[in-house]
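# Working through the structure, step by step
Residues per chain, in single letters:
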Amino acid sequence: DSYTIGQGVDSLDRWPNQLSAQLISNGIDVQKTDIIAQTGWRTSNLLNALGNNALDGYNLISLLIGVNNEFWGEPFDVFQSEFDSLLNIAIDLVGKDRLFIVSIPDYGVTPFGSNNSENIAENIDMYNNYIQERCSNEGLTYINITEISRQLGDSEGALASDNLHPSGSQYAQWVNQMLPVVLGLIND
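What this report covers is the structure whose coordinates are included nearby. (Residues numbered from 1 in each chain as written. Predicted model: local features only at pLDDT ≥ 70, side-chain atom pairs only at ≥ 80, totals over all residues. Heavy atoms only, no water.)

A few words now on the overall build of the protein chain. When helices and strands are tallied, the protein chain shows 8 helices and 3 strands. In the protein chain, the order of α-helices and β-strands from amino to carboxyl end is α-α-α-β-α-α-β-α-β-α-α. In terms of overall dimensions, the protein chain is globule-like: its C-alpha atoms have a radius of gyration of 16 Å, near the 16 Å expected for 188 residues. Based on the C-alpha atoms only, the size of the protein chain along its principal axes is roughly 45 × 35 × 30 Å. Burial status across the protein chain gives 47% buried among its 188 residues. A separation of at least 24 residues holds for 74% of the contacts in the protein chain among residues at least 6 apart in sequence. Surface summary for the protein chain: the accessible area is close to 9,100 Å², and the carbon and sulfur share equals 43%. (Helix = DSSP H or I, 4+ residues; strand = E, 2+ residues; numbered from the N terminus. Rg over C-alpha atoms; globule rule 2.2 N^0.38 Å. Buried < 20%, exposed > 50% of the residue type's maximum accessible area, 1.4 Å probe, protein only. Contact = heavy atoms within 4.5 Å. Areas by Shrake-Rupley, 256 points an atom, 1.4 Å probe, with all protein chains shown as cover.)

Further remarks concern the nonpolar core. With 53 residues, the main nonpolar core has Trp15, Ile101 and Met178 as its most contacted residues. Sequence-distant contacts of Trp15, defined by excluding residues within four places in its chain, comprise Tyr3, Thr4, Ser62, Leu64, Phe100, Val102, Tyr171, Trp174, Val175 and Met178. (Core = buried A, V, L, I, M, F, W, Y, C linked by side-chain atoms within 4.5 Å.)

Let us now look at the packing of helix H3 (residues 43-51) against helix H5 (residues 76-94). Running from amino to carboxyl end, H3 crosses H5 at an angle of 35 degrees, the nearest separation of the two axes being 9 Å. Between H3 and H5 the crossing geometry is left-handed. Residue-level inspection shows Thr43, Ser44, Leu46, Leu47 and Leu50 of H3 in contact with H5, the latter providing Phe79, Glu82, Phe83, Ser85, Leu86 and Ile89. Class assignment for the residues of the contact of H3 with H5 results in 7 nonpolar, 3 polar and 1 charged. (Axes fitted to C-alpha atoms, helices over the stretch in contact; angles between N-to-C directions. Left-handed = near helix turned anticlockwise from the far one by under 90°. Nonpolar A, V, L, I, M, F, W, Y, C, P; charged D, E, K, R; others polar.)

What the 3 strands build is an open sheet, ordered E1-E2-E3; its pairing is parallel. Of all strands in the sheet, those with a lone pairing partner are strand E1 (61-63) and strand E3 (141-143), marking the two edges. Neighbour-to-neighbour, the strand axes of the sheet open up by a mean angle of 25 degrees, direction not taken into account. Relative to strand E2 (residues 99-102), E1 runs parallel, the two being bridged by 3 bridges. Among the inter-strand pairings, Leu63 is bridged to a residue of E2, identified as Ile101. (Pairing = 2+ DSSP bridges.)

Glancing now at the packing of aromatic side chains. This structure, assessed with the given rule, holds 13 aromatic pairs. When the ring of Phe71 is compared with that of Trp72, the centres are 4.9 Å apart and the planes differ by 85 degrees; the resulting orientation is edge-to-face. Residue Trp72 is classed as exposed on the basis of its relative accessible area, which comes to 56%. Between Phe79 and Tyr130 the ring centres are 6.3 Å apart and the planes differ by 70 degrees, which places this aromatic pair in the edge-to-face class. Here Tyr130 lies in helix H6 (residues 117-138) and Phe79 lies in helix H5, a separation of 51 residues in the sequence. Comparing Phe79 with Tyr130 shows no difference in burial state: the two are buried. Put simply, the rings of Phe76, Phe79, Phe83, Tyr127 and Tyr130 touch in pairs and so form one group of aromatic residues. Over the face of the ring belonging to Tyr58 we find Lys32, whose NZ or CZ atom lies 4.3 Å from the ring centre. (Phe/Tyr/Trp six-rings, centres within 6.5 Å; stacked < 30°, edge-to-face > 60°. Lys NZ or Arg CZ within 6 Å of the ring centre and 35° of its normal.)

Written as structure tokens, this is what we have:
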């Protein structure tokens, strides 16, 4: 969704691209970094896109999805079912040891979500709790960046110019959280 594609930031500032750059600087041969996500995508959009794409040749996959399911008030059980399908697809592609799942950031701390921040936080927690539980049950790597989004809130430099999406510097903090975990996946 928009967090992965980096809505509002330059392409080099997107967290997947920052992570790739960090992996390269740590001696990892990164041949390509593809971002399938699009702004506004729900789990159903990603499932449809995966059905229309050849996804051969990948040896590491990340998954960060669900905020738009929450935002549009889709039934939670639809998210659960579709998220599980996405996990299964990713596991089939690269295995459990080369997949990491990133928590959903809390947009309730932004000016866009400030009028409903408590409800948004509760919903984001519900989604992330489900994601974390599924990861735990499946033995998958879960990386919690939600707390970073909450700590930074709308502080100076934390958000892109749209005052909703993270800035490149916030994404850099996410990558700092991710990097040792991802290096562990790659080097095991």
